[in-house]
Amino acid sequence: MMFSKLHNLYYTLRFCRSYDKARQRRLYRQIAKEKARLVEAGVDAEQVRLLCRLLANPQNMHAEKRYLDRVRVTNTLNNNN
């Protein structure tokens, strides 16, 4: 899966202890690097942003809906071309 590393990083970040600031900063740097790599690889930047928003808080149903809508639109556009 293309986004598995991003999923793993956000999972680790969510369960990181609040007092472990150095680890949090390191995870945020790794996330930023991975996001840049995905955009550079040709993934839609808005889709990456929406996915990260969803991964940061999986309970946010609005973020999930926006991400899934964007994926549907992107897939529809790719299938028509």
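This structure is a prediction, so every number in the text was calculated from the model and none was measured.

Remarks on the packing of helix α2 (residues 21-40) against helix α3 (residues 45-56)
To describe two helices that pack against each other, one gives the angle between their axes and the distance between the axes.
Here comes step 1: α3 packs onto α2 with a crossing angle of 150 degrees between their chain directions and a minimal axis gap of 9 Å. Classified by the interaxial angle, the pair formed by α2 and α3 is roughly antiparallel. Here α2 and α3 pass one another in a crossing that is right-handed. Contacts from K35, L38 and V39 in α2 reach A45, V48 and C52 in α3.
Here comes step 2: Tallied by class, the residues present in the contact of α2 with α3 amount to 5 nonpolar, no polar and 1 charged.

Quick look at the environment of Y67
Here comes step 1: When you line up the elements, Y67 lands in helix α4 (residues 61-80).
Here comes step 2: What makes Y67 buried here is its relative accessible area of 12%.
Here comes step 3: When the C-alpha positions of Y67 and R25 are compared, they lie 25 Å apart, and in sequence the two are 42 residues distant.

Brief notes about the confidence of the model for the protein
Here comes step 1: Of the residues in the protein, 98% reach a pLDDT of 70 or more, and the chain-wide mean stands at 90.
Here comes step 2: At the level of individual helices and strands, the protein shows its lowest average pLDDT in α4, which scores 85, and its highest in α2, which scores 96.

Structural notes on the packing of aromatic side chains
Here comes step 1: As enumerated under the stated definition, the model contains 1 aromatic pair in all.
Here comes step 2: Between Y11 and F15 the ring centres are 4.9 Å apart and the planes differ by 50 degrees, which places this aromatic pair in the tilted class.

Observations concerning the nonpolar core
Here comes step 1: Core analysis: the largest hydrophobic core is formed by 19 residues, its most contacted members being F3, L6, Y10, I31, L38, L51 and Y67.
Here comes step 2: Elements with a minimum of two residues in this core: α1 (4-14), α2, α3 and α4.
Here comes step 3: For this core, the leading source of residues is α3, giving 6 residues.
Here comes step 4: When near neighbours in sequence (up to four residues on either side) are disregarded, L51 contacts F3, L6, H7 and Y67.

Rules of the game
- Residues numbered from 1 in each chain as written.
- Predicted model: local features only at pLDDT ≥ 70, side-chain atom pairs only at ≥ 80, totals over all residues.
- Heavy atoms only, no water.
- Axes fitted to C-alpha atoms, helices over the stretch in contact; angles between N-to-C directions.
- Helix = DSSP H or I, 4+ residues; strand = E, 2+ residues; numbered from the N terminus.
- Parallel < 35°, antiparallel > 145°, perpendicular 65-115°, else oblique.
- Left-handed = near helix turned anticlockwise from the far one by under 90°.
- Contact = heavy atoms within 4.5 Å.
- Nonpolar A, V, L, I, M, F, W, Y, C, P; charged D, E, K, R; others polar.
- Buried < 20%, exposed > 50% of the residue type's maximum accessible area, 1.4 Å probe, protein only.
- pLDDT = per-residue confidence, 0-100.
- Phe/Tyr/Trp six-rings, centres within 6.5 Å; stacked < 30°, edge-to-face > 60°.
- Core = buried A, V, L, I, M, F, W, Y, C linked by side-chain atoms within 4.5 Å.

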